[in-house]
Structures are given as structure tokens and as C-alpha cells.
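Structural characterization, general
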Amino acid sequence: MTSDVRPDSAVDNVSDNDGESCSEDAENDVKIEVPVAMWDFDHCDPRRCSGKKLSRLGLIKELKVGARFRGIVVSPKGTAVISPSDRDIILQGGLAVVECSWARLDDVPFSKIAMPYLIATNPTNYGKPWRLNCVEALAAAFYITGFDSYAEKLLSGFGWGGSFWNVNKAYFEQYKTCKSSEEISAMQETIIAELEKSYENSRREKDQQREDGEDLLFRNPNHASLSDEDEPGPESSEDDENSTHV
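It should be emphasised that the depicted structure is a prediction, and the values quoted were computed from it without experimental measurement. (Residues numbered from 1 in each chain as written. Predicted model: local features only at pLDDT ≥ 70, side-chain atom pairs only at ≥ 80, totals over all residues. Heavy atoms only, no water.)

1. Quick word on the pairing of strand S1 (residues 36-40)
- Summarising burial for S1: five of the five residues are buried, a large majority.
- Residues Val 36, Met 38 and Asp 40 of S1 are buried on one face, and the alternating residues Ala 37 and Trp 39, pointing to the opposite face, are buried as well.
- Pairing of S1 with strand S5 (residues 95-99) involves five bridges; the strand directions are parallel. By the bridge assignment for S5, Asp 40 is matched with Glu 99. (Buried < 20%, exposed > 50% of the residue type's maximum accessible area, 1.4 Å probe, protein only. Helix = DSSP H or I, 4+ residues; strand = E, 2+ residues; numbered from the N terminus. Pairing = 2+ DSSP bridges.)

2. Concerning the packing of aromatic side chains
- For the structure on display, the rule yields eleven aromatic pairs.
- On the basis of an interplanar angle of 85° and a centroid distance of 5.1 Å, the ring pair of Tyr 117 and Trp 130 is categorised as edge-to-face. Residue Tyr 117 is found in the loop between strand S6 (113-114) and helix H4 (134-144), and its partner Trp 130 is found in the loop between S6 and H4; the two are separated by 13 residues along the sequence.
- Taking relative accessible area as the criterion, Tyr 117 reaches 11% and is therefore assigned buried.
- For the ring pair Phe 158 and Trp 160, a centre distance of 5.3 Å and an interplane angle of 45° mean the geometry is tilted. Each member of the pair, Phe 158 together with Trp 160, is buried.
- Its guanidinium or amino end placed over the ring of Phe 158, Lys 53 lies 4.8 Å from that ring's centre, counting from NZ or CZ.
- One Lys or Arg, Arg 87, reaches over the ring of Phe 147 and ends 4.1 Å from the middle of that ring. (Phe/Tyr/Trp six-rings, centres within 6.5 Å; stacked < 30°, edge-to-face > 60°. Lys NZ or Arg CZ within 6 Å of the ring centre and 35° of its normal.)

3. Things to note about the confidence of the model for the protein
- Model confidence for the protein is summarised by a mean pLDDT of 77, while 65% of its residues fall at 70 or above.
- In this model residues 234-246 is a low-confidence stretch, pLDDT under 50, and it forms one contact with partners more than four residues away in sequence or in other chains. (pLDDT = per-residue confidence, 0-100. Contact = heavy atoms within 4.5 Å.)

4. A short note on the environment of Ile 191
- Here Ile 191 shows up in helix H7 (residues 181-215).
- The exposure class assigned to Ile 191 is buried, which follows from its relative accessible area of 3%.
- Along the backbone, Ile 191 and Gln 174 are 17 residues apart, and their C-alpha atoms lie at a distance of 9.0 Å.
- Apart from residues no more than four positions distant in its own chain, Ile 191 is found in contact with Tyr 117, Tyr 171, Gln 174 and Tyr 175.

5. Digging into the pattern of salt bridges
- Under the definition given, this model contains three salt bridges.
- A salt bridge links Lys 176 to Asp 148; the shortest N-O distance between them is 2.9 Å. With Lys 176 in the loop between helix H6 (161-175) and H7 and Asp 148 in helix H5 (residues 148-155), this residue pair connects regions lying 28 residues apart in the sequence.
- The partly exposed category is assigned to Lys 176, whose relative accessible area is 31%.
- Here Glu 200 and Arg 203 are joined by a salt bridge, their closest N and O atoms 2.8 Å apart. In this pair, Glu 200 and Arg 203 are both assigned in helix H7, three residues apart and thus about one turn of the helix distant. (Salt bridge = Lys/Arg side-chain N within 4 Å of Asp/Glu carboxyl O.)

6. Regarding the nonpolar core
- Judged by nonpolar contacts, the single largest core of 48 residues is most densely connected at Leu 138, Phe 142 and Tyr 175.
- Among the elements that take part in this core, H4 stands out by supplying ten residues, more than any other.
- Apart from the residues lying within four places of it in its own chain, the contact partners of Leu 138 are Val 36, Leu 54, Ile 60, Leu 95, Ala 96, Val 97 and Leu 154.
- If you look at the next biggest cluster of nonpolar residues, it comprises six residues, including Ala 37, Trp 39, Ala 96 and Val 98. (Core = buried A, V, L, I, M, F, W, Y, C linked by side-chain atoms within 4.5 Å.)

7. Examining the pairing of S5
- Among the five residues that make up S5, five are buried, leaving the element largely enclosed by the rest of the structure.
- Here S5 shows no split at all, with Leu 95, Val 97 and Glu 99 on one side and Ala 96 and Val 98 on the other all buried.
- Of the pairings in the sheet, the one linking strand S3 (residues 72-74) to S5 comprises three bridges and is parallel in character. Bridging from a neighbouring strand, Ile 72 pairs with Leu 95 of S5.

8. Side note on the side chain of Thr 145
- When you line up the elements, Thr 145 lands in the loop between H4 and H5.
- Of note is the side chain of Thr 145, whose polar atom sits 3.4 Å from the backbone oxygen of Phe 142. (Polar contact = N/O pair within 3.5 Å; in protein donor to acceptor, adjacent residues only side chain to side chain.)

9. Things to note about H4
- Burial analysis of H4 places eleven of its eleven residues in the buried class, the great majority of the element.
- Here H4 has its buried residues at Cys 134, Val 135, Glu 136, Ala 137, Leu 138, Ala 139, Ala 140, Ala 141, Phe 142, Tyr 143 and Ile 144.
- Trailing H4 by a residue or two, Gly 146 shows a phi angle of about 90°, which is positive.

Shown next as C-alpha cells:
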């Protein structure tokens, strides 16, 4: 059985100092004042399903497939992306997520709101872009719409939860500057273009370093030693110096 707790990493806060205790107490005191719900298609192992765990923690309400929801619905098949402009809708109607398997998206009839470019930190898809699980999708929606404490409340139930903000902090801060779904999409394209440029630059640098390393294994013809015919001959012996040529 796979544990919900990912091994410690550089992005996890694993210290037990007083500051962390105060932070945990603050998270425990947070009460999410908007409805949080999910439609569960039972695609996932209940022992590994983040949505099921949120339900056990009393942080989410499970809905029957076909039940209506008046707030924002986050789905892997969403056609528009969430934006800060959705904050009022969440305040009035809440936030819901479609809990399903990435391998069985065609079985899901929902096509609502999607997430922009973000990196998953859950144990199953750690490091993969867009592959958010249920709690990450909900937390991302709360972060982007300005409900940071709600996001942290949901993530606090998972040992790896702190990684999600740390890994995606720069992206969240950029998305928070947008005002609409269109601006979020444009920002996403900018982020992806910058990542691709950085990747290409890094690859060129590595290729250059590899070439430079290979050059050291071969003699540089420009620095080759004199050939045998250019080398001075042996010094004349005393016999040669004293000999007489007729």
C-alpha cells in the first residue's frame, strides 16, 4: 500500500519548532465558510484518494452524479480556466471538484473549469504538470481566487501538502495578478514559453560542456609538436667536428 506521506524533500517543512506549531494551530482554527463538494466516480483506490481523505476529515461533501451545484466546478476536462474573477461565485455557491482517474477522462461527463499550468506534488504524479489530484485542484482554485487560508486548510491534512505551495508559489503569484480567464490563459502561455526557453538554453549549455569535455580527450592539431622532419638532428660528435672533408 502506498502511503500518503512522500519522503522528505527540500520543499517540505519538516521541522518541529514553535513557529510550525503556531502555523498548524492557525490552520486548525480555520473554518471554510463556503461549500466544498465533489462528485466521486470511484475510479481511484480509496486508500490513496485525496478526495476520500478530505471526506473522512469532514472537509468535503460527496455529491451524487447528476446533483446540481451552484458554485465553481473544477474538472480535468474543463474548457475555461479558473481566475480571480471567480471569487464572488465561490463566495456565493462554493467550490466543487470532479474526482476521477486521469486514465479514464472519457468516462467523465463534466466539462467545467480547468486549472492553468501547475506542478503536481502528490506522491502519484509528483513533478508532472497539470496532473493535480483532488485536493491540489481545490487548493489551487482557492489560492488563485484569494482564499489562501482555505487552501492551506485542505492541504494540511496531507504530509506532502506544504510542497504544493512551495513548488508552485511563483506561478500562483503570477496568476493572482490576472483579472479574467483570458488573462490567466495568456499568463499560462507566457510561463510555458519561458520554461521552454530556459530548457533550450540549459540543453545548449550542457551540449557545449559535453563538446568541450570531448575536445580535451584529443590532441589539438594547432598545438601539435614538431614533426620528425622539423626536429633538429643529433649534435655532431667530436669525430665529426675534427674530420676533414676533401
